[in-house]
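One letter stands for each residue in the lines below.
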Amino acid sequence: MEQIDRQIVRLLATNGRMSYTDLGKMTGLSTSAVHQRVRRLEQRGIIKGYAAVVDYEALNLPLTAFVSIKPIDPSQPDDSPDLLIDVPEIEDCHSVAGDENYLLKVRVASPGALEELLARIRAKANVSTRTIIVLSTPYEQRPPAV
């Protein structure tokens, strides 16, 4: 990938609503040249979409936790992501190396809601859980180091 494309990706990762005109000013390209490059980056799958940055506290979801899961019966199928896909509190699901199979990022309203969510996860996927509660988040969703 060309350096100018890397710069465009970095700028859009920081502010997905940046206009083509502003991108052009920041990169030294014309608005039409930036538009073409962004379209090519989208077509190549480098830019997959644009998202809003959400204030979870304002949505009454102030508690973030990471929940690692592993099957109670190691011989069972590795289908936890499929079994948990409809659980809205799960924001991310990562397959990981180590003792656990998956790491889930969850957001809930309270410790009681987290306790109820953990019970649902265990029941739906027949897994054991290990939970880490986030106390604060100094930074999140940083732009890629391209």
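Residues numbered from 1 in each chain as written. Predicted model: local features only at pLDDT ≥ 70, side-chain atom pairs only at ≥ 80, totals over all residues. Heavy atoms only, no water.

**Side note on the packing of aromatic side chains**
The way to describe two aromatic rings as a pair is by their centre distance and the angle between their planes.
Then comes step 1: Scanning the entire structure with this criterion turns up 0 aromatic pairs.
Then comes step 2: Over the aromatic face of tyrosine 56 sits the side chain of arginine 107, whose NZ or CZ is 3.7 Å from the ring centroid.
Then comes step 3: The lysine or arginine in question, arginine 142, covers the ring of tyrosine 139, its NZ or CZ lying 4.3 Å from the ring centre. (Phe/Tyr/Trp six-rings, centres within 6.5 Å; stacked < 30°, edge-to-face > 60°. Lys NZ or Arg CZ within 6 Å of the ring centre and 35° of its normal.)

**Description of the pairing of strand β1 (residues 63-71)**
Then comes step 1: Counted residue by residue, β1 has 7 buried out of 9 residues, so it is predominantly covered.
Then comes step 2: With 7 bridges joining them, β1 and strand β3 (residues 102-108) adopt antiparallel strand pairing. Counterpart to leucine 63 in the pairing with β3 is valine 108.
Then comes step 3: Two elements, β1 and strand β4 (residues 127-133), share 7 bridges in a ladder whose sense is antiparallel. Following the sheet pairing, serine 68 is matched in β4 by arginine 130. (Buried < 20%, exposed > 50% of the residue type's maximum accessible area, 1.4 Å probe, protein only. Helix = DSSP H or I, 4+ residues; strand = E, 2+ residues; numbered from the N terminus. Pairing = 2+ DSSP bridges.)

**Some details on the sheet that holds β1**
Then comes step 1: Taking strand neighbours across the sheet as the criterion, the 4 strands line up as β2-β3-β1-β4 in an open arrangement whose pairing is antiparallel. The outermost strands of the open sheet, each flanked by one partner alone, are β2 (90-95) and β4. Across the sheet, the axes of successive neighbouring strands diverge by a mean angle of 25 degrees, strand direction being ignored.
Then comes step 2: Note that β2 and β3 share 5 bridges and pair antiparallel. Bridge pairing in β3 places serine 95 opposite tyrosine 102.
Then comes step 3: Against the sheet, helix α5 (residues 111-125) touches β1, β2, β3 and β4, its axis set at about 155 degrees to β4. (Axes fitted to C-alpha atoms, helices over the stretch in contact; angles between N-to-C directions. Contact = heavy atoms within 4.5 Å.)

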